[in-house]
Every structure is written in structure tokens, then in C-alpha cells.
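Residue-level listing of the chains:
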Amino acid sequence: MATSSGTAAFKAADLTLFLPCAGGVEGYLADEVHGLTGLTGHDLLAERGGVRVRGDWAVVMRLNLHSRLAQRVLIELAHGPYRDEHDLYALAAEVPWEQWFQARQTFRVDLTAQASPLKSLNFATLRVKDAVADRFRNAAGGVRPSIDTQHPQVRIHAHLSATHASVSIDTSGEPLFKRGWRQDKGDAPLKETLAAAMLAASGWWEPAASRVSELPLYDPCCGSGTIAIEAAQLVLGLPAGGARRFAFEQLRPFDARTWMAIKAAAREGARRPGPIQVFGSDVAHRMVDFAQRNAERAGVGHAVQLRGGDALQRVPPTPQPGVMLMNPPYGERIAAAGVAGQKARGREAFQHGPLSRSADQRRPGEDAAERDTGDDFFAQLAAHWKTHYAGWTAWLLTPDLKLPSRLRLKETRRVPMWNGPIECRLFRFDLTARREKSDSNPPPAP
């Protein structure tokens, strides 16, 4: 009924890995994996919701350390058809869990499903837990690991389709968007994996070639610095996960010597900083302070320039045209970008009301007044760009499909992306100088 891994799988070159990612990012993730590992063909397949990889234990560790787009690195240990919860139990019980972790360690099971015929996913999850515990009880003389749903040492993932189930062990632990450097943040910061996807979609970062553009990059609504920090780490060649730990370090197949060599290679691959080419600004000086502290912890404080300032007033940070990449404000966040909202509602509301919310908030939904304020802001933003940013390319991520009409600009590209459960578009605008109006009623000739 199923195929499962044995002891030899620990060091084998034919481990089956699955790297889940946000919808729309699969192609960019496949390019990144190729750039990091050199894998091609049947060893690297983009699927819906992620990328399937064939590799060894060193590939597992390298992908955890370097991938900016994957949410996790899972090792698939069993896969087969199922009809009910008894089949799930049998599938999970075939895996030699005692070869992957120890009975004294805690674990949890997470289960996802798509078109599954089972009525209770909670019960299905329980049966997988029972199978893992019973396998230990039979193999370890009655000793079984404990469940810890909050801070488990080992995470097991099960996924159900309409007809088949897979069981995997998680080698990442915390999701990979948690890079380890973020301590200061707004209410809902942009995930690092999404920021990296924006960099890839814009073409500023080429994941397959592990190369970044020489053009300056600027985020005029930087919040706590996510986009700028991701970009600066790419410029310096720093690994995404260089400031964190991973779950594979607690698994029995863990090879400390190989891991030390992989980290040493990452350090040797780091590049010395040249002239600063990554810039960010935000109207909220508190957020700029957050971004600067985050940048220092991420090892890029010297490679990024962060300033306070209104998006409607700041001029380009360099004389050379470059790329603007931003998640612009919307809804209650509109006036966080500056003077448009202040003019619309008055200084007191701007300073003390919902318009003074941080530039890192991501709250969809607008009332009529907020829509008017938003239209005013975006009209002024487009006018400011036409005056000062001719030659730049602007990429804006937003759930607002009417954003181009609000900006009164024609997009040259739109890329579907998901910000968690929110469907968004990454719009590209090629900015040109404002056209001077000609006199439509010239005086008559004498």
C-alpha cells in the first residue's frame, strides 16, 4: 500500500523532499533550488503549492540555510492511497520513526487536506499521532514520545488529497520566513518569503543565477525594513537562515560535520559591501528605527540606507534610476504615507486618529472616507513620481485590483501573488516624466 524510508535513507541521494511555498511562487522557488543545488529534470519538479526535490542530507541542510522562498523543507517518508483513518494509521505506522528521533523528544502532527473524503480531519490527525506513538512503543520497549503542540522538538506533516496521503518529517522547525533577525516590527509585517518573491518577480533578483541587479533598489514605505533587508542580504551574499536554528539539528540523522562545512562555505561566499544600493524610507520615524535595528541584527546595517520621510515628498536616493519595490498603504494605512491623508482629514485626525497607524499595518477594507483619502494619496504619489522619478520602474504589491486607475497610470505587467490568504497583484509601472500641457487655444495669427 505504501512506500516508506529505511535506515539507508539518512545519507542516501534519493531522499524525496517537498518545499511548500505561497501560491504563484512555485516557478521562482524552482529557479532558486536550481541555483542553490544545480538540480534539474526529474530531480526538481514544480508542483501546485511547492517544489518536489530529490536530494541527499546535505541538500536538506543547504536548502534550509539558503532558501528565501520556501516555507519549509519536508522529507517525505511515506506515500500511498487511503480510504479511511485506518489506512492513515497503517501508512504512518510503517515509517521507522525511531530512526529519525528519540522517544524522549516531543512531537506534534499537522495535517492538511485538499478534497479529502474524510469527515473529521481532527480524528485523522489523531490516528497519525497514535501510529507514531505505537511504533515507538513497539520498537523501544514501551517508551513513547510525548505530544507538545506549542514547542515540539519534532514536527510531522501529513497531507491528504482525494485519494492519496503523504507523511513527512519537517527539517525546518519554525517556518523559514522567520529568519531570526526580526525583533522590532509593526502590527502585521510583510513576510520575508513574500518580500523575496517580490524581488524575484521584479527581476532585480535572479534566483536561478544567484545574481542581483546593479540597479539601486528603493522601498519608500519600508515599515520595519523587510524588503530592504532581504535585498541587502542578497547584495552581500548572506544566507537567509544564517541567524537561526533548524529542526534537523535535533534529528538522529543530523551530520554536524557536514553542517559546519555548509555554514563555513556560506561565510566564505559572503561579499564585501560596495557603494550602498539598497534604500528605504518611511513616514513613521519609529518604524525607521525598527528597520535599522533589524538591519543591524541581519548583518546588513552598513549596506542599507534607511531614512524617515513622506513618500509624497522624498526625492530619489540616487541620481541613477532604479527599481522601487513596495507594499503601499491601503485602507486605514493610507495616510501613514503622509500629507494626502493629513490634508483630507486635518492635522488632529492625522496625529491622533486611525490615520496615524504604523506603516507596517496590513488591514484590508476601506470606508468611503478612506477611499477618498486613498484616491487623493495615490493621485499625488503618481504626480510626484512623474516629476522626480522618470526612468524608474515601480513595482507595487496590493490586493486592490483598481490600483492602476487610482494612480492614473497604466501597468506594464501584473503578477498574481498571495499574501497569506489575501489574493494580491504585483503591478509594474514604467515611470516617465510629466508631460507639459500644450496651449489648446493659441491666439489667432495676425
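Residues numbered from 1 in each chain as written. Predicted model: local features only at pLDDT ≥ 70, side-chain atom pairs only at ≥ 80, totals over all residues. Heavy atoms only, no water.

Draft legend 1. Broad picture of the overall build of the protein chain. Broken down by element type, the protein chain carries 12 helices and 17 strands. Among the 446 residues that make up the protein chain, the fraction classed as buried is 52%. Across the protein chain, the fraction of contacts at a sequence separation of at least 24, relative to all contacts at a separation of at least 6, is 80%. Put simply, the protein chain shows about 20,100 Å² of open surface, and 50% of that area lies on carbon and sulfur atoms. (Helix = DSSP H or I, 4+ residues; strand = E, 2+ residues; numbered from the N terminus. Buried < 20%, exposed > 50% of the residue type's maximum accessible area, 1.4 Å probe, protein only. Contact = heavy atoms within 4.5 Å. Areas by Shrake-Rupley, 256 points an atom, 1.4 Å probe, with all protein chains shown as cover.)

Draft legend 2. Focus on the nonpolar core. The biggest cluster of nonpolar side chains holds 97 residues, and the ones touching the most others in it are Trp97, Phe101 and Met417. Those residues within four positions of tryptophan 97 in sequence are excluded, and the remaining contacts are Leu77, Ala92, Val132, Arg135, Phe136, Ile156, Val167 and Ile169. In this structure, Ala311, Tyr389, Trp392 and Leu431 belong to the second largest nonpolar core, which totals 22 residues. (Core = buried A, V, L, I, M, F, W, Y, C linked by side-chain atoms within 4.5 Å.)

Draft legend 3. Structural detail: unusual backbone geometry. You will see that serine 210, though not glycine, has its phi angle at about 50°, which is positive. When you line up the elements, serine 210 lands in the loop between strand 9 (205-206) and strand 10 (211-212). Overall, the relative accessible area of 42% leaves serine 210 in the partly exposed class. Phi angles above zero are rare outside glycine, and arginine 408 is one such case at about 60°. By the element assignment, arginine 408 lies in the loop between helix 12 (403-407) and strand 16 (413-419).

Draft legend 4. Geometry of the confidence of the model for the protein chain. Averaged over all residues, the pLDDT of the protein chain is 87; the fraction at 70 or higher stands at 84%. Below pLDDT 50 for its whole length, residues 1-9 participates in 24 contacts with residues either more than four positions away or in separate chains. (pLDDT = per-residue confidence, 0-100.)

Draft legend 5. Inspection of the pattern of salt bridges at higher detail. One pass over the structure, following the stated rule, counts 19 salt bridges. One salt bridge connects arginine 72 with aspartate 170, and the closest N-O pair in it is separated by 2.6 Å. Placement of arginine 72 in the loop between helix 2 (57-66) and strand 5 (74-81) and of aspartate 170 in strand 8 (residues 164-170) is noted, with a sequence separation of 98 residues between them. The two residues arginine 72 and aspartate 170 agree in class, both being buried. With a closest N to O distance of 3.2 Å, arginine 127 and aspartate 130 form a salt bridge. Highlighted residues: arginine 127 and aspartate 130, both in helix 4 (residues 121-139), separated by 3 residues, approximately one helical turn. (Salt bridge = Lys/Arg side-chain N within 4 Å of Asp/Glu carboxyl O.)

Draft legend 6. The arrangement of the packing of helix 1 (residues 26-37) against helix 2 in detail. Close contact between helix 1 and helix 2 brings their axes to 11 Å; oriented N to C, the two are set at 120°. The pairing of helix 1 with helix 2 is recorded here as oblique in orientation. When you trace helix 1 past helix 2, the crossing you get is right-handed. On helix 2, the residues that touch Glu32, Val33, Leu36 and Thr37 of helix 1 are Val59, Arg62, Leu63 and His66. Here the residues of the contact of helix 1 with helix 2 sort into 4 nonpolar, 2 polar and 2 charged. (Axes fitted to C-alpha atoms, helices over the stretch in contact; angles between N-to-C directions. Parallel < 35°, antiparallel > 145°, perpendicular 65-115°, else oblique. Left-handed = near helix turned anticlockwise from the far one by under 90°. Nonpolar A, V, L, I, M, F, W, Y, C, P; charged D, E, K, R; others polar.)

Draft legend 7. Geometry of the packing of helix 3 (residues 85-93) against helix 4. Where helix 3 meets helix 4, the axes come as close as 8 Å, and the angle between the chain directions of the two elements is 35°. The two elements helix 3 and helix 4 cross, and the hand of that crossing is right-handed. Residues Glu85, His86, Leu88, Tyr89, Ala92 and Ala93 of helix 3 lie in contact with helix 4, whose contacting residues are Phe123, Ala124, Arg127, Val128, Asp130, Ala131, Asp134 and Arg135. Residue composition of the contact of helix 3 with helix 4, grouped by class: 8 nonpolar, 1 polar and 5 charged.

Draft legend 8. Just the environment of histidine 66, in detail. Locating histidine 66 in the fold gives a position in helix 2. The spacing of histidine 66 and glycine 241 is 175 residues in sequence and 6.2 Å in space, taken between C-alpha atoms. Residues within four places of histidine 66 in sequence aside, it is in contact with Glu32, Leu36, Pro239, Ala240 and Ala266.

Draft legend 9. Structural detail: the packing of aromatic side chains. Applying the stated criterion across every chain yields a total of 11 aromatic pairs. Seen from their ring centres, phenylalanine 248 and tryptophan 259 are 4.9 Å apart, and the 85° between their planes marks the pair as edge-to-face. You can see phenylalanine 248 sitting in the loop between helix 6 (226-236) and helix 7 (256-268) and its partner tryptophan 259 sitting in helix 7, a full 11 residues away along the chain. Accessibility assignment for this pair places phenylalanine 248 and tryptophan 259 in one class, buried. Among the aromatic residues, those joined into a cluster by ring pairs are Trp97, Phe101, Phe107 and Phe136. (Phe/Tyr/Trp six-rings, centres within 6.5 Å; stacked < 30°, edge-to-face > 60°.)

Draft legend 10. Expanded view of the pairing of strand 4 (residues 50-55). Here strand 2 (residues 15-20) pairs with strand 4 via 6 bridges, running antiparallel. Its bridge partner being in strand 4, phenylalanine 18 is matched across the sheet by arginine 52. Pairing analysis gives 4 bridges linking strand 3 (residues 44-47) to strand 4, with the strands arranged antiparallel. Within strand 4, the residue paired with leucine 45 across the bridge is arginine 52. The loop that links strand 3 with its antiparallel partner strand 4 comprises 2 residues; one of these, glycine 49, has a positive phi angle of about 85°. (Pairing = 2+ DSSP bridges.)

Draft legend 11. Spotlight on the sheet that holds strand 15 (residues 393-398). Taken in spatial order, the 7 strands line up as 13-12-11-14-15-17-16 in an open sheet, and their pairing is mixed. The open sheet has two edge strands, strand 13 (304-308) and strand 16, and neither has a second partner. Across this sheet, the average inter-strand angle for adjacent strands is 20°, counted without regard to direction. Sheet analysis places strand 11 (residues 217-219) next to strand 14 (residues 323-326), joined by 2 bridges and oriented parallel. Paired with leucine 217 across the two strands is valine 323, which belongs to strand 14. Against the sheet, helix 5 (residues 192-202) makes contact with strand 11, strand 14, strand 15, strand 16 and strand 17 (422-430), and its axis sits at roughly 165° relative to strand 16, the strand it touches most.

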